[in-house]
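Each chain, letter by letter, is given below.
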Amino acid sequence: MNQSPKTIILEIRAGAGGNEAALFAADLANMYSRFASKQGWSAVVLDESRSELGGYKEVFLEISGEGVYDKLKQESGVHRVQRVPATEKSGRVHTSTASVAVLPIRTEIKTDIKPQDLEITFTRSGGAGGQNVNKVETAVRITHKPTGLVVKCTSERSQQRNREKALALLAAKLESGQANQAQSQLDSERRQQIGTQDRSEKIRTYNFLQDRITDHRIGKSFHNIEKIMGGDMDKIVKSFPNVEHSVSHNSPFTFTG
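Asker: Residue-level account of the sheet that holds strand β7 (residues 139–144), with values.
Answerer: The 3 strands lie next to each other as β6-β7-β8, forming an open sheet whose pairing is antiparallel. The strands lining the two open edges of the sheet, one partner per strand, are β6 (118–123) and β8 (149–153). Between one strand and the next, the sheet's axes are offset by a mean angle of 15°, whatever the strand orientation. As paired elements, β7 and β8 share 5 bridges and run antiparallel to each other. Of the residues in β8, the one forming a bridge with R141 is K152.

Asker: An account of the pairing of strand β2 (residues 42–50) is needed here, citing residue identities and associated values.
Answerer: Bridge count for β2 against strand β3 (residues 56–64) is 8 bridges, and the pairing is antiparallel. Counterpart to V44 in the pairing with β3 is E62. Linking β2 to β3, which pair antiparallel, is a turn of 5 residues; within it G54 sits at a positive phi near 95°.

Asker: Outline helix α1 (residues 18–39), supporting the account with residue identities and numerical values.
Answerer: Compared with an ideal rise of 1.5 Å per residue, which puts 22 residues at 32 Å, α1 spans 32 Å between its outermost C-alpha atoms and is within 8% of the ideal. Buried within α1 we find E20, A21, A22, F24, A25, A26, L28, A29, M31, Y32, F35 and A36. Note on α1: the residue one or two positions beyond its end, G40, has a positive phi of about 80°.

Asker: Residues and numbers for the sheet that holds strand β9 (residues 204–207), please.
Answerer: Pairing is mixed in the open sheet, where 8 strands are placed in the order β2-β3-β1-β5-β4-β9-β10-β11. The open sheet is flanked by β2 and β11 (220–223), the only strands paired with a single partner. This sheet shows a mean twist of 20° between the axes of neighbouring strands, independent of strand direction. Summarising the sheet, strand β10 (residues 212–215) and β11 pair through 4 bridges and their orientation is antiparallel. When the sheet's bridge partners are listed, T214 is paired in β11 with S221. Its contacts with the sheet put helix α3 (residues 159–175) on β1 (7–14), β2, β3 and β5 (94–105), and the angle it makes with β5 is roughly 105°.

Asker: Please give an account of the nonpolar core that cites residues and values.
Answerer: Counting residues in each nonpolar core, the largest one holds 34 residues, and the members touching the most others are I12, L28, Y32, I63, L72 and Y206. Counting residues per element, the ones that place at least two in this core are β1, α1, β3, α2 (68–72), β5, α5 (225–229) and α6 (234–237). By residue number, the principal contributor to this core is α1, which donates 9 residues. Once residues within four sequence positions are removed from consideration, L28 is found in contact with I12, H79, A98, V100, Y206 and M229. Membership of the second largest hydrophobic core comes to 21 residues, among which are L46, L118, V140 and V151.

What counts and how
- Residues numbered from 1 in each chain as written.
- Predicted model: local features only at pLDDT ≥ 70, side-chain atom pairs only at ≥ 80, totals over all residues.
- Heavy atoms only, no water.
- Pairing = 2+ DSSP bridges.
- Helix = DSSP H or I, 4+ residues; strand = E, 2+ residues; numbered from the N terminus.
- Axes fitted to C-alpha atoms, helices over the stretch in contact; angles between N-to-C directions.
- Expected span 1.5 Å × (residues − 1).
- Buried < 20%, exposed > 50% of the residue type's maximum accessible area, 1.4 Å probe, protein only.
- Contact = heavy atoms within 4.5 Å.
- Core = buried A, V, L, I, M, F, W, Y, C linked by side-chain atoms within 4.5 Å.

Structure below.
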């Protein structure tokens with residue numbers, strides 16, 4: 001009997017909507033981080049790419065704890081937001097999207113990632129305010145040469161820990177079918193999770209003007225949107241007691257060499 005993974009990588013990417021989409025991606029990252037804190041889980045940013053207004057073009061969160069995969073597996077897909085952005089002077093409502101992919105990290109391994117298939121480089125981590133993380137080359141960047149997939153980890157002060165986390169992220173991405181030939185080429189498994197990030201391919205809509213979050217898969221709406229965005233996701237999570245996740249569980253990974 002397979003044990004449910006206790007560690008996941010949440011990959012959040014801005015979709016349609018420019019800067020507002022990136023700000024929404026940051027809001028989602030904050031929501032999941034706060035939910036994790038309320039659950040007693042750990043949440044660490046493995047890598048991030050910021051937009052010019054401080055949102056996320058993309059961010060990778062490692063979340064660990066009991067029941068984490070079971071409670072968050074249904075978050076994969078396109079999330080749509082409808083609101084008046086802070087930067088909108090005319091008061092016009094914008095519709096933007098961000099995609100979420102849930103990548104389980106598994107401990108049982110059978111398939112290998114060959115050392116000769118990896119190109120590993122080390123750089124200085126970029127820390128806010130000139131912190132000492134900049135003084136040594138602890139950031140790790142790994143390229144999987146057969147697929148062209150690139151993963152990075154900058155969260156740890158130890159080069160070895162960043163390397164371990166980057167390898168785990170790489171394995172999770174490969175397992176979920178996120179790379180066939182190159183980083184920019186997404187296969188059918190990933191498209192099944194997040195589609196094309198178009199506004200019409202949404203699993204959930206966050207309507208701030210109507211104070212309502214609607215999950216289109218189960219046809220349920222939830223109110224008090226600010227509280228939910230603050231991490232109180234229990235009502236939404238408990239609405240999915242029997243949802244099966246689309247990612248295959250048949251090919252656990254391990255590292256060789």
